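Spelled out, the chains give:
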Amino acid sequence: GERIIAPERATTFASTPVCPVQAFSLSPHQIGLQFHFEATPETIRDFISGFEDELKEGGPTVQSAEAIREGLDTYGPECQQALFEILDQWEAHFPK
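Calculation notes
- Residues numbered from 1 in each chain as written.
- Predicted model: local features only at pLDDT ≥ 70, side-chain atom pairs only at ≥ 80, totals over all residues.
- Heavy atoms only, no water.
- Pairing = 2+ DSSP bridges.
- Helix = DSSP H or I, 4+ residues; strand = E, 2+ residues; numbered from the N terminus.
- Axes fitted to C-alpha atoms, helices over the stretch in contact; angles between N-to-C directions.
- Expected span 1.5 Å × (residues − 1).
- Bend = angle between axes of the 7 residues up to and from the residue.
- Buried < 20%, exposed > 50% of the residue type's maximum accessible area, 1.4 Å probe, protein only.
- Contact = heavy atoms within 4.5 Å.
- Patch = residues over 30% accessible without salt bridge, like charges linked within 9 Å, V, L, I, M, F, W, Y side chains within 5 Å.
- Areas by Shrake-Rupley, 256 points an atom, 1.4 Å probe, with all protein chains shown as cover.
- Salt bridge = Lys/Arg side-chain N within 4 Å of Asp/Glu carboxyl O.
- Phe/Tyr/Trp six-rings, centres within 6.5 Å; stacked < 30°, edge-to-face > 60°.

Structural notes on the sheet that holds strand β3 (residues 30-33)
Strands pair in a sheet through their backbones, by hydrogen bonds, and they do so in one of two ways: parallel or antiparallel. Reading across the sheet, the three strands line up as β1-β2-β3 and stay open at both edges, with antiparallel pairing between neighbours. A strand with exactly one partner marks an edge of an open sheet, and here the two such strands are β1 (11-14) and β3. Each strand axis lies, on average, 25 degrees off the axis of its neighbour in the sheet, ignoring direction. In the sheet, strand β2 (residues 23-27) pairs with β3 via four bridges, with the strands oriented antiparallel. Following the sheet pairing, Ser 25 is matched in β3 by Ile 31.

Quick notes on helix α3 (residues 65-91)
Taking 1.5 Å per residue as the helical rise, α3 with its 27 residues ought to reach 39 Å, whereas the 34 Å between its terminal C-alpha atoms falls clearly short. Of all the bends in α3, the greatest measures close to 55 degrees and is centred on Leu 72. Considered for burial, the residues of α3 that qualify are Ala 65, Ile 68, Gly 71, Leu 72, Gly 76 and Leu 83. Buried-residue contacts for α3 involve α1 (41-50) and α2 (52-57).

Observations concerning a nonpolar patch on the surface
A cluster of nonpolar side chains, contributed by Phe 13, Ile 31 and Leu 33, occupies part of the molecular surface with about 270 Å² of accessible area. For Ile 31, the position within the fold is in strand β3. Overall, Ile 31 belongs to the partly exposed group, its relative accessible area being 34%.

Thoughts on the packing of aromatic side chains
Scanning the model with the defined rule gives one aromatic pair in all. Between Phe 47 and Phe 51 the ring centres are 5.0 Å apart and the planes differ by 35 degrees, which places this aromatic pair in the tilted class. The exposure class of Phe 47 is partly exposed, given its relative accessible area of 39%.

Written out as C-alpha cells, the structure is:
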C-alpha cells in the first residue's frame, strides 16, 4: 500500500503499526492525511465498485468489500461527525 513520510519539521498525530504516518501537521494551518476522512457512504460505495478486484486480493490492511459495506451504517455517521468536529477545531485556529 501507499505510505507517506512526514516532512522533517512535522508533528505526526495519527499512526498505526502498519502505517506510521496517518496524519501530520506542519502548522495550525497545514495538515496532511493518509486517509479520506471526507468520504461519505456514497463515495465509499463508489470506491468499492471501482476497486473490487484489488479488495478481493486482500492483504493485512485490506478489508473485504462486504466488511466495508457492513461498516458503512455503523461507522459512517460517526466518522462524518468526527470530521466536522476536527475541521471546526482546526478552523478555530485561523485568524478571523
